[in-house]
Amino acid sequence: MKKYILIAFISIFSVTVNAGSQANQPATIAPEKIIEFAKDVEKYAAQRGARAFIIARVGRPANELPKGIHYTHTAIAVYSTIQLDNGKTAKGYAIHNLYQVDGKPNRSQLIQDYPVDFFWGAQQLKAGIIIPSDEIQTRLINLIATGKNTQLHNPKYSVIANPMNSQKQNCTEYTLDLINAAIYETTNTPQLKANTRAHFTPQRVKTSRIKLMFGSILMEDVTTKDHSGKIATTTFGAINNYLKQYDLAKHSVNFYGKGDIETL
Amino acid sequence: MKLTIKALIFTLSLSALPALATDSAHHTSKASKHSVLAVTHGVASTATVASAVIATPVIVVGSAAVVSGTASMQAGSALADSSNHSVKSSNKSTGPLVITETTITADPAPNQTIKIQQKQTITHTH
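Keep in mind it's a predicted model, so treat the numbers as computed, not measured.

A. Broad picture of the overall build of chain B. Regarding its fold elements, chain B presents 3 helices and 3 strands. Each helix and strand of chain B, ordered N terminal to C terminal, gives the series α-α-β-β-β-α. Classification of the 126 residues of chain B by burial places 30% in the buried group. Contacts in chain B between residues at least 24 apart in sequence constitute 51% of all its contacts with a sequence separation of at least 6.

B. Looking closely at the overall build of chain A. Scanning chain A for helices and strands turns up 8 helices and 9 strands. Scaling as 2.2 N^0.38, a compact globule of 264 residues should have a C-alpha radius of gyration of about 18 Å, and chain A matches this with 18 Å. Residue burial in chain A is summarised as follows: out of 264 residues, 49% are buried. A sequence separation of at least 24 residues applies to 67% of the contacts in chain A between residues at least 6 apart.

C. How the structure looks around the environment of threonine 223 of chain A. Residues and elements named next belong to chain A. As for its placement among the helices and strands, threonine 223 is situated in the loop between helix H7 (209-218) and strand S7 (232-233). Look at threonine 223 and you get buried, because 22 C-beta atoms sit within 10 Å. Threonine 223 sits 62 residues away from alanine 161 along the chain, and the two C-alpha atoms are 7.8 Å apart. Apart from residues lying up to four places away in sequence, threonine 223 is in contact with Ser158, Lys168 and Ser216.

D. Fine view of the nonpolar core. All names here are of chain A. The biggest cluster of nonpolar side chains holds 75 residues, and the ones touching the most others in it are Ala45, Phe53, Ile55 and Ala77. Ignoring sequence-local partners within four residues, the contact set of phenylalanine 53 consists of Ala45, Ala77, Ile129, Ile130, Ile131 and Pro132. Val159, Ile160, Ala161 and Ile231 belong to the second largest nonpolar core, which has 8 residues in total.

E. Representation of the pairing of strand S8 (residues 249-255) of chain A. All names here are of chain A. Bridge count between strand S5 (residues 127-132) and S8: 6 bridges; the pairing is antiparallel. Its bridge partner lying in S8, alanine 127 is registered against phenylalanine 255. In this structure, S8 lies alongside strand S9 (residues 261-263), joined through 3 bridges in antiparallel fashion. Its bridge partner lying in S9, asparagine 254 is registered against glutamate 262. The antiparallel hairpin formed by S8 and S9 contains 5 residues in its connecting segment, where glycine 257 sits at a positive phi of about 100°.

F. Summary view of helix H8 (residues 236-245) of chain A. Of the residues making up H8 of chain A, those classed as buried are Phe236, Ala238, Ile239, Asn240, Tyr242 and Leu243 of chain A. Residues of H8 of chain A that are buried in the fold lie against strand S1 (52-57), strand S2 (73-84), S5, helix H5 (171-184), strand S6 (203-204) and S8 of chain A.

G. Representation of the confidence of the model for chain B within the structure. Residue and element names in this part refer to chain B. The predicted model of chain B averages 65 in pLDDT, with 38% of residues at 70 or higher. For chain B, helix H1 (residues 2-14) is the element with the lowest average pLDDT, namely 51, and strand S3 (residues 103-106) is the one with the highest, namely 91. Quick note on the complex model: pTM equals 0.82, ipTM equals 0.80.

H. Here's a closer look at the packing of helix H4 (residues 134-145) of chain A against H5 of chain A. All names here are of chain A. Packing of H4 against H5 leaves a shortest axis separation of 9 Å and a crossing angle of 110°. With respect to their mutual orientation, H4 and H5 come out roughly perpendicular. In the packing of H4 onto H5, the handedness of the crossing is right-handed. Contacts between H4 and H5 involve Ile136, Arg139, Leu140 and Leu143 on the former and, on the latter, Leu178, Ala181, Ala182 and Ile183.

I. Main features of the packing of H5 of chain A against helix H6 (residues 189-199) of chain A. Residue and element names in this part refer to chain A. The N-to-C vectors of H5 and H6 enclose an angle of 100°; their axes lie 10 Å apart at closest approach. If you check the angle between H5 and H6, you find them roughly perpendicular. Between H5, through Asp177, Asn180, Ala181 and Tyr184, and H6, the contact on the second element is made entirely by Gln191, Leu192, Asn195 and Thr196.

Rules used throughout
Residues numbered from 1 in each chain as written. Chains lettered and ligands numbered in written order. Predicted model: local features only at pLDDT ≥ 70, side-chain atom pairs only at ≥ 80, totals over all residues. Helix = DSSP H or I, 4+ residues; strand = E, 2+ residues; numbered from the N terminus. Buried ≥ 20, exposed ≤ 12 C-beta atoms within 10 Å, placed from the backbone. Contact = placed C-beta atoms within 7 Å. Rg over C-alpha atoms; globule rule 2.2 N^0.38 Å. Core = buried A, V, L, I, M, F, W, Y, C linked by C-beta atoms within 7 Å. Pairing = 2+ DSSP bridges. pLDDT = per-residue confidence, 0-100. Axes fitted to C-alpha atoms, helices over the stretch in contact; angles between N-to-C directions. Parallel < 35°, antiparallel > 145°, perpendicular 65-115°, else oblique. Left-handed = near helix turned anticlockwise from the far one by under 90°.

Right, dumping it as structure tokens:
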């Protein structure tokens, strides 16, 4: 009997890991809808003159999301001139992401993609959009255009990375680090982390210690080593609260397509 | 049996762990996505799909911020590629921006590109 329990335990975990951290997930929403939605997101941001904005997607079924967490992946979208393989150029948003490395879930890499790529594996046609102040937008663009954003990348990945130190990093913490680098005009990580500890409030992850303990044993991309005390991490909502608290957000919404929005 | 049920409940509760905060999975290099996009392009006449070679951030350029020696700029703010290092950025908002109707996607990884090409070659020869 114990043998069967162990097999069930391992198999369920294997499925979960594959569903969460690997790139080879099929689209769960019809491709035509993803294409249309991705373009709607672009047009919505462009209509508001956003040259750089924070973008988020829902990569998990809503009923699997922990309380208070609404998005699972966050990045920076930058209005760009895009050279196409057919020789033409086009204007649109390029998205600057931190993604897990295929087959190495505890490692990450920086990858630039486009809205349709970004939403391809989404579980809902819902986007988080935060348009920061004009000055922060300009600084984010400069950070990325000069390549200084790469100085803020820590390839040691954890799903529940603690933003108060630089031991681990996930996509949302990387986004926060870019925002803080833009605010403080530095890529000095110790200074940025000191500022984060002083001014940023991360989101508590409400789950049991036992779950986390087993998670960290069985899953490469879950660790609590970088935490002391209660587990808290960076989320899209926490970034929005942070920017709004310091008057650095111009416009924040949950976007559902075709102008259907919910102001945050 | 009780032990089995308890173990199952515990296991299922643990399975929610990856949803804790992030899903930093990227979908750029999926061969399947590119195949689907190619097919979708075929049926939806309004949506064209193109692969991107490179994207350059666009910066706002104010006339006062243009460094001497660059091409003359009209008064007010304008947009320029950041690859033009001789201009300085400005914080001015330019109002609504233009967005292409083309659906742009990143190219798949080299090994997946080869697989797609091979698949297309097989399809064409039949």
